[in-house]
Amino acid sequence: MTEEERVELAARYQTVRSGIPAHVTLVAVSKTRSVEEVQALYELGHRAFGENYIQELCEKQSRLPADIEWHFIGHLQSNKVKQIAPFVHLIHGVDSIRLLDELDKRAAQVGRVLEVLLQVHIAQEDTKHGFSAEELLALVEAPWRWQHVRIRGLMGMATNTDDEAVVGMEFAVLAALFQQLRDRSGGPAFDSLSMGMSGDAPLAIAAGSTLVRIGTAIFGERPAKAS
Ligand SMILES: *Cc1c(COP(=O)(O)O)cnc(C)c1O
């Protein structure tokens with residue numbers, strides 16, 4: 001990184017930070033970014049980073065400071081859980097019972113309790129993963145079977161559209177479901193609602209997000225993904 005790039009990164013980071021209220025956690029989404037760029041943001045005092053790809057996450061985790069909180073925000077396959085179980089801070093996109101089973105097993109093996117968010121399907125697109133509202137209600141009302149997994153809340157992604165009415169409505173639906181589940185089940189540990197990215201964070205925060213996942217607005221446009 002050049003000195004100029006560092007100055008630009010610091011400026012974008014400050015701009016993003018200043019738009020986020022103190023009660024909302026900022027996860028800097030560093031997928032496709034170099035170790036050097038993550039290190040540069042770390043040196044500005046940032047600690048929470050989000051990654052989508054297991055191999056990339058493990059590589060960065062092994063090379064960067066140990067006090068970074070790594071958030072896994074991608075689609076997690078059961079056969080990859082083992083690799084991140086020893087260190088991951090929060091897994092955002094848990095979207096199946098099978099995955100809960102695997103998380104429980106791998107967490108027990110490494111003597112941890114893994115903190116996770118359940119992904120809710122709110123967008124109109126079929127490509128986004130997640131539980132339906134009915135499935136979630138059934139899940140939290142049944143006896144909790146996963147002793148090494150703790151649900152901290154929900155995560156969702158709005159439809160990828162410029163129509164703010166659609167996005168705002170989807171976030172409102174997710175926020176209402178979050179409240180409902182918290183009242184029924186959660187207790188004090190059920191406190192995190194992960195919604196909002198670079199393009200829609202203000203709408204998400206207005207709707208009640210407690211955690212935003214922001215990449216582009218901090219690091220600049222992502223290079224096209226190679227694979
Ligand atoms: C890439 C990604 C983000 C960050 O997106 P930006 O538009 O770059 O802020 C947030 N959440 C998820 C799940 C992502 O995959």
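Note that the structure is a prediction, hence the values are computed from the model and not measured.

Draft legend 1. View of the overall build of the protein chain. Summing up its helical and strand segments, the protein chain has 9 helices and 8 strands in all. In summary, the protein chain has a C-alpha radius of gyration of 17 Å against a globular reference of 17 Å for 227 residues, a match within 12%. Expressed along its principal axes, the backbone C-alpha trace of the protein chain runs to roughly 55 × 45 × 35 Å. Here the protein chain holds 227 residues, and the buried ones make up 48% of them. Look at the contacts in the protein chain between residues 6 or more apart in sequence, and 60% of them connect residues 24 or more apart. When the 23 positive and 30 negative side-chain charges of the protein chain are each reduced to one mean point, those points stand 7 Å apart.

Draft legend 2. Inspection of the site of the ligand at higher detail. Every one of the 13 residues lining the ligand counts as a neighbour, but Lys31, Asn52, Ser198, Thr216 and Arg222 are closest to it. Between an oxygen atom of the ligand and a side-chain N or O atom of Asn52, the distance comes to 2.7 Å. For the ligand, an oxygen atom lies 2.5 Å from a polar atom in the side chain of Thr216. The fraction of the free accessible surface of the ligand (390 Å²) that becomes covered by protein chains is 91%. At a threshold of 2 Å from the grid points, most atoms of the ligand map onto the largest pocket. In terms of residue class, the shell around the ligand is built from 6 nonpolar, 4 polar and 3 charged.

Draft legend 3. Examining the side chain of Glu102 more closely. Positionally, Glu102 belongs in helix α5 (residues 97–109). In contact with Glu102, not counting residues within four places along its chain, are Ser78 and Val81.

Draft legend 4. Geometry of the layout of surface pockets. In this model, the largest pocket occupies a volume close to 770 Å³. Lining the largest pocket are 30 residues; nearest its centre among them are Lys128, Met157, Asn160, Met197 and Asp200. Partitioning the lining of the largest pocket into residue classes produces 9 nonpolar, 13 polar and 8 charged.

Draft legend 5. Geometry of the packing of aromatic side chains. The final tally for this structure, using the stated rule, is 3 aromatic pairs. Aromatic side chains Phe178 and Phe190 sit 5.4 Å apart centroid to centroid with 20° between the ring planes, which places their arrangement in the stacked category. Placement of the pair is Phe178 in helix α7 (residues 164–186) and Phe190 in the loop between α7 and β7 (192–194), with a sequence separation of 12 residues. Under the relative-accessibility criterion, Phe178 is labelled buried at 3%. Residue placement shows Arg47 over the ring face of Tyr42; its charged tip is 3.6 Å from the ring centre.

Draft legend 6. Summary view of unusual backbone geometry. With a phi close to 70°, Thr32 is a non-glycine residue in the positive phi region. Along the chain, the position of Thr32 falls in the loop between β1 (25–29) and α2 (35–43). By relative accessible area, Thr32 is classed as partly exposed at 29%.

Draft legend 7. Local environment of the environment of Ala206. With respect to the element layout, Ala206 can be found in helix α8 (residues 201–207). It is 8.8 Å that separates the C-alpha atoms of Ala206 and Gly168, two residues lying 38 residues apart in sequence.

So, how was this worked out
Residues numbered from 1 in each chain as written. Predicted model: local features only at pLDDT ≥ 70, side-chain atom pairs only at ≥ 80, totals over all residues. Heavy atoms only, no water. Helix = DSSP H or I, 4+ residues; strand = E, 2+ residues; numbered from the N terminus. Rg over C-alpha atoms; globule rule 2.2 N^0.38 Å. Buried < 20%, exposed > 50% of the residue type's maximum accessible area, 1.4 Å probe, protein only. Contact = heavy atoms within 4.5 Å. Lys, Arg positive; Asp, Glu negative; His and termini not counted. Charge placed at Lys NZ, Arg CZ, Asp CG, Glu CD. Near = heavy atom within 4 Å. Polar contact = N/O pair within 3.5 Å; in protein donor to acceptor, adjacent residues only side chain to side chain. Areas by Shrake-Rupley, 256 points an atom, 1.4 Å probe, with all protein chains shown as cover. 1 Å grid on protein atoms, 1.4 Å probe; cavity = no way out; pocket = protein on both sides within 12 Å on 5 of 7 lines; lining within 4 Å. Sits in = over half its atoms within 2 Å of the grid points. Nonpolar A, V, L, I, M, F, W, Y, C, P; charged D, E, K, R; others polar. Points joined across faces, edges and corners; volume = space filled by probe spheres on them. Phe/Tyr/Trp six-rings, centres within 6.5 Å; stacked < 30°, edge-to-face > 60°. Lys NZ or Arg CZ within 6 Å of the ring centre and 35° of its normal.

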